[in-house]
Amino acid sequence: MKTLRYGIVGLGFVGPHHVEAVRRLGFVEIIAAAGRDIEKTRHKAQQLHIPKTYASYEELVTDPNIDVVAIATPTWLHHPIAMAAIAAGKHVIVDKPLAINSTQAVAMMIAARAAGVVNAVTFNYRYHPVVQQARAMIADGKIGNVRLIHGRYLQEWLQYDTDFSWRLEPEKGGPACVSGDAGAHWYDLAEFLTGLRIVSVLADLNTAVPIRKRPVGTLREAFAPVGSGQTEDYRVQVDDLSNLLLKFDNGAVGNFLASQVCPGHKNDLRIEINGSEASLAWHEERAEELWIGRRGQPNQLLSKDPNLMDASVASYAGLPGGHNEGWPDAFKNLMRNILTFIAEGRDPATADGVQFPRFEEGCRAAFVVDAIMRSQNAGNRWMEVASPK
């Protein structure tokens, strides 16, 4: 299999996790990194043993030695970097959400299709082993007809008015904050697990902390502690607390609660799917457990173990049962699927059974957010979700 040469734009919170995940694969060489602050980029690149640094993404994407460009920047930079990389003929991996709005997301999808480059978006929660097990069980009819899909994504890192992130600025993170950024993971999980599509939403978006202290002249990384520098009052225009009702294309209904102002909730992502024969539930903070609920027999708690999993997904468990695997391992599973596809020289236009989310799935999440914003702006009314063409 071909050795791939990898360049990454952005070494903030998620960038080093890209680096760690792809290095575990053994057939990827990370040769360059780029960032707006060249001194900070050089410092981080040295720590990560990345040999080459660029002061701009334009320089990195035109490097003839690079096969794959990973975009791990804040969301407002995804579109220009991806379009430049696609124009340069590079395969592209973009952190979620794909773009700040559906117009940008669709443009990226169309450009990637026309160029024939492999494109992917990092919906990494799909790749926990027991999430794959849940999907296999649902596809096999083990829970019957899906009737209800519900869950939440609660965090605490924006609890105080001194907490701040570029995600709170609509021109940088998009018109929705928690329902658009963290929420994108949940919408993707709901559709991935069930094979269903969200067709309409009713949104109730709220801002629990309306005035925040924004750092002056700097960007604060996700989950970073409050700094000591100068701040200014900032009126928040996006949601930090949201409640959604959903309808799916088979008639199933759902609800989703999301917030980043909930004390004690670190990364509390949960999803439960109730079918006509059984229920399944997964909690990211207990990522190796799949709860199986039944009426006529005892409920079960299936722990991650390749010997107990469906044969079609057992390979996602890299270690035997009892040997813990978590967030970095799911990220590695995702990157393995994407980069193996590229290294084997497969054609994204003709290949069957693509085992990773492409820009099309990123557009799906963007269209859900569009419908959420239309619902909120119309006074909390049901709105249909468009589909990528």
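Enquirer: So what about the sheet that holds strand S6 (residues 119-121)? Which residues, and what values?
Expert: Spatially, S3-S2-S1-S4-S5-S6 is the arrangement adopted by the six strands of the open sheet, whose pairing is parallel. Because the sheet does not close on itself, it has two edges, and the strands there are strand S3 (52-54) and S6. Geometrically, the sheet is characterised by an average inter-axis angle of 25 degrees between neighbouring strands, direction not taken into account. Against the sheet, helix H4 (residues 78-87) contacts strand S1 (4-9), strand S4 (68-71) and strand S5 (91-94), and its axis sits at roughly 165 degrees relative to S5.

Enquirer: Account for the pattern of salt bridges, naming residues and giving values.
Expert: Applying the stated criterion across every chain yields a total of 24 salt bridges. Measuring nitrogen to oxygen at the nearest pair gives 2.9 Å for the salt bridge that ties glutamate 289 to arginine 286. Given the relative accessible area of 21%, glutamate 289 is considered partly exposed. Close ionic contact of glutamate 288 with lysine 304 constitutes a salt bridge, the shortest N to O distance being 3.5 Å. Taken together, the residues span a long stretch of sequence, with glutamate 288 in the loop between strand S14 (279-283) and strand S15 (289-293) and lysine 304 in the loop between strand S16 (300-303) and helix H9 (327-343) at a distance of 16 residues. With respect to burial, glutamate 288 and lysine 304 carry one shared label: buried. Each member of the salt-bridge network shares a partner with another, and the members are Glu169, Lys172, Arg214 and Glu232.

Basis of the calculations
Residues numbered from 1 in each chain as written. Predicted model: local features only at pLDDT ≥ 70, side-chain atom pairs only at ≥ 80, totals over all residues. Heavy atoms only, no water. Pairing = 2+ DSSP bridges. Helix = DSSP H or I, 4+ residues; strand = E, 2+ residues; numbered from the N terminus. Axes fitted to C-alpha atoms, helices over the stretch in contact; angles between N-to-C directions. Contact = heavy atoms within 4.5 Å. Salt bridge = Lys/Arg side-chain N within 4 Å of Asp/Glu carboxyl O. Buried < 20%, exposed > 50% of the residue type's maximum accessible area, 1.4 Å probe, protein only.

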